[in-house]
Amino acid sequence: MEKTLSYKRQCAWKSDKANKDEIFMFCEGYKSFLNSARTEREFVLCAEKAALQNGFSALQNKDSLKPGDRVYRINRGKGILMAVIGSEDIEKGAHIVGAHIDSPRLDLKQNPLYEDGETALVKTHYYGGLRKYQWLATPLAMHGRVVLANGNTVDISIGDEDDDFTFTISDLLPHLAREQGSKTLRDAFDAENLNVIVGSIPVDDEESKKPIKDAVLQYLNENYGMVEEDFLSAEIEMVPAVRVRDVGFDRSMIGGPAQDDRVCAYTAMQAIFETKNPKHTAICLLVDKEEIGSMGNTGMQSRFFENTLAEICCLLGKSASLSVRRCLSNAKCLSADVNAAFDPNFAGVYEKSNAALLGHGVTISKYTGHGGKAESSDASAEFMGEIRRLFNANNVIWQTAELGKVDGGGGGTIAQYVANLDVDTIDCGTALLSMHSPFEVCSKADVYMTYRAYKCFLQ
Ligand code: MN
Ligand code: MN
């Protein structure tokens, strides 16, 4: 009786739907991709290379499109849309998996470089929701793009190779932390003190008033052709210089930075690579700026997605206005983003029966938001039912979760912005421990189930 009537989540490791070797093999590809794509720009470069290898070509080089065609379009180097044209009329709707490829980090300020206390430092402005103390006393890598005075660009990537140097933000020694210890966590760490140490040898010039800063400028000039003013037209990110590692005696988990949301972006990308001749046009949409509200022309709130869809409709010989609207009205979307896995060290913030459990498959969230579901795109029971049937029919192990206790906090994803386009949308992705930290942890089984979920949805 109980067996058939009650609902029980499945542990992927104990299920015959998942093979451990298959799971581990898939995750090796994910781990190496994570190590080489440290920023949204680097993700796009790696994704474009992989797309070309998987038979995709640039949309702007096409004169027309037909079912089965594989195309991609890059948005300002920070986002990418990949599509496989379906056999069905595009007005019947597309199947979209949308993930974000930006992650919390420390951006260099516009005018960052200074010297103090016999060191040269750069000032930062944090990006996204991060816990400031996690970024101190840990090695940081520097990645970014600089636009020089003559308009040429130069890319910086330092700190991820084994013999590279790194950078760091100093932390207070416990011996002198008495006053700090009496402060709240919120007040104990000042955003204006997230200054990164970048050098300490002065230039050999008695005239120099800032000899250590000048030495850094000299290095940048010799290696990147930069002068100080070039920082003003640069986007440089400090990211954890932490390589992705297996976690646990059983190697069942993956630890590393920026898995929110590259775990979903990577699995979505692999899923579309394997999508051949789908019925509905399949789209993998990877966007920027989710961590700061999906704003701007590279975020989900930009018209980039609709504009690209209009280009696709035109190349299919359809109307760029009406066909796009009909396509969106009939479209379905998995908003591919992470959720929080139940954490035994912080059990109090979760409601266990509605929290994601590590190793129990891809996590579906009918709604996100905060308080009384504020700012949430609450998917319909009908769409939830459709996804449930799809996953059950395709051996996807899945679970549902809310983000923590009601009134415990909250969060959002790109779901609401896609749903606003008249698209049936639901959140669906991998659960993480230590989300937004320099060492986020996920279960390999969940990564694999996330991939399998996106694959059956796109195909
Ligand atoms: Mn996310
Ligand atoms: Mn996030």
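Basis of the calculations
- Residues numbered from 1 in each chain as written.
- Chains lettered and ligands numbered in written order.
- Predicted model: local features only at pLDDT ≥ 70, side-chain atom pairs only at ≥ 80, totals over all residues.
- Heavy atoms only, no water.
- Patch = residues over 30% accessible without salt bridge, like charges linked within 9 Å, V, L, I, M, F, W, Y side chains within 5 Å.
- Areas by Shrake-Rupley, 256 points an atom, 1.4 Å probe, with all protein chains shown as cover.
- Salt bridge = Lys/Arg side-chain N within 4 Å of Asp/Glu carboxyl O.
- Lys, Arg positive; Asp, Glu negative; His and termini not counted.
- Charge placed at Lys NZ, Arg CZ, Asp CG, Glu CD.
- Helix = DSSP H or I, 4+ residues; strand = E, 2+ residues; numbered from the N terminus.
- Buried < 20%, exposed > 50% of the residue type's maximum accessible area, 1.4 Å probe, protein only.
- Pairing = 2+ DSSP bridges.
- Contact = heavy atoms within 4.5 Å.
- Axes fitted to C-alpha atoms, helices over the stretch in contact; angles between N-to-C directions.
- Donors = N, O, S within 2.8 Å, 3.2 Å for Na, K, Ca; no water.
- Domains from an automatic or database assignment.
- Buried area = accessible area lost by both parts, 1.4 Å probe.
- Polar contact = N/O pair within 3.5 Å; in protein donor to acceptor, adjacent residues only side chain to side chain.
- Nonpolar A, V, L, I, M, F, W, Y, C, P; charged D, E, K, R; others polar.
- 1 Å grid on protein atoms, 1.4 Å probe; cavity = no way out; pocket = protein on both sides within 12 Å on 5 of 7 lines; lining within 4 Å.
- Points joined across faces, edges and corners; volume = space filled by probe spheres on them.
- Parallel < 35°, antiparallel > 145°, perpendicular 65-115°, else oblique.
- Left-handed = near helix turned anticlockwise from the far one by under 90°.

Asker: Any chance you could break down a negative patch on the surface for me, citing the residues and the numbers?
Answerer: The grouping of D204, D205, E206 and E207 at the surface amounts to a negative patch. Topologically, D204 is positioned in the loop between strand 9 (196-199) and helix 6 (211-224). Overall, the relative accessible area of 81% leaves D204 in the exposed class.

Asker: So what's going on with the sheet that holds strand 20 (residues 424-429)? Which residues, and what values?
Answerer: The strand order across the open sheet formed by nine strands is 1-2-3-13-4-14-20-16-18, and the pairing between neighbours is mixed. Looking along the sheet, the strands with just one partner apiece sit at the ends: strand 1 (57-58) and strand 18 (398-400). Running at roughly 165° to strand 2 (residues 70-75), helix 3 (residues 40-53) makes contact with strand 2, strand 3 (79-84) and strand 13 (281-287) of the sheet.

Asker: Would you mind going over the coordination of the manganese ion (ligand 1) in detail, with residue names and values included?
Answerer: The reference angle at a metal is 109.5 degrees if four donors form a tetrahedron and 90 or 180 degrees if six donors form an octahedron. Distances from the manganese ion (ligand 1) to its protein donors, H100 (NE2), D260 (OD), D337 (OD) and D337 (OD), fall within 2.1 to 2.6 Å. All donors of the manganese ion (ligand 1) come from a single chain, and their spacing in sequence reads H-x159-D-x76-D. A separation of 3.3 Å is found between the manganese ion (ligand 1) and the manganese ion (ligand 2), which share D260 as a coordinating residue. In this pair, H100 sits in strand 4 (residues 94-100) while D337 sits in the loop between strand 14 (332-335) and strand 15 (339-340), placing the two residues 237 residues apart along the sequence. The exposure classification of H100 matches that of D337, with both residues buried.

Asker: Summarise the domain arrangement of the protein; cite the residues concerned and give the values.
Answerer: Domain boundaries in the protein define domain 1 (7-103 + 257-458) and domain 2 (105-240). Summing both sides of the interface, domain 1 and domain 2 together bury roughly 1,400 Å²; the carbon and sulfur share of this comes to 47%. Across the domain 1-domain 2 interface, the total number found is four salt bridges. A salt bridge links E235 to R41, with the nearest nitrogen and oxygen atoms 2.4 Å apart. Inspection of the region where domain 1 meets domain 2 yields eight residue pairs in polar contact (both at pLDDT 80 or more). Tallied by class, the residues present in the side of domain 1 that touches domain 2 amount to three nonpolar, four polar and 10 charged.

Asker: Just give me the short version of the layout of surface pockets, but keep the residues and values in it.
Answerer: Space inside the largest pocket adds up to approximately 1,200 Å³. Looking at the largest pocket, it is lined by 43 residues, and the ones nearest its centre are A340, Y350, L403, G410 and M435. For the lining of the largest pocket, the elements supplying multiple residues, two or more each, are strand 15, strand 16 (362-365), strand 19 (410-411), helix 11 (415-419) and strand 20. Sort the elements by how many residues they give to the lining of the largest pocket and strand 20 lands first, with three residues.

Asker: Go over the packing of helix 3 against helix 7 (residues 259-273), please, and point to the residues and values.
Answerer: Where helix 3 contacts helix 7, the two axes come as close as 11 Å, and the packing angle between them is 15°. Looking at the two axes, helix 3 sits roughly parallel to helix 7. Taken as a pair, helix 3 and helix 7 cross one another with a handedness that is right-handed. Residues E40, F43, A47, A50 and A51 of helix 3 lie in contact with helix 7, whose contacting residues are R262, A265, Y266, M269 and F273.

Asker: I'd love a proper account of the coordination of the manganese ion (ligand 2), names of residues and values included.
Answerer: Taken together, D260 (OD), E291 (OE), E291 (OE) and H436 (NE2) make up the protein donors of the manganese ion (ligand 2), found 2.1 to 2.6 Å from the metal. For the manganese ion (ligand 2), the single-chain donor residues occur in sequence as D-x30-E-x144-H. H436 sits in the buried class, given a relative accessible area of 16%.

Asker: Summarise the sheet that holds strand 8 (residues 153-158); cite the residues concerned and give the values.
Answerer: Note on sheets: strands pair through backbone hydrogen bonds, and any given pair is parallel or antiparallel. With antiparallel pairing, six strands are arranged side by side in an open sheet as 8-7-10-5-6-9. Only two strands of the sheet have a single partner each, and these edge strands are strand 8 and strand 9. Strand-to-strand twist of the sheet, defined as the mean angle between neighbouring strand axes without regard to direction, takes the value 30°. Both strand 7 (residues 140-147) and strand 10 (residues 234-240) contribute to a ladder of seven bridges, which runs antiparallel. Paired with V146 across the bridge in strand 10 is A234. Helix 6 contacts strand 5 (105-116), strand 6 (119-127), strand 8 and strand 9 of the sheet and is inclined by roughly 125° relative to strand 5.

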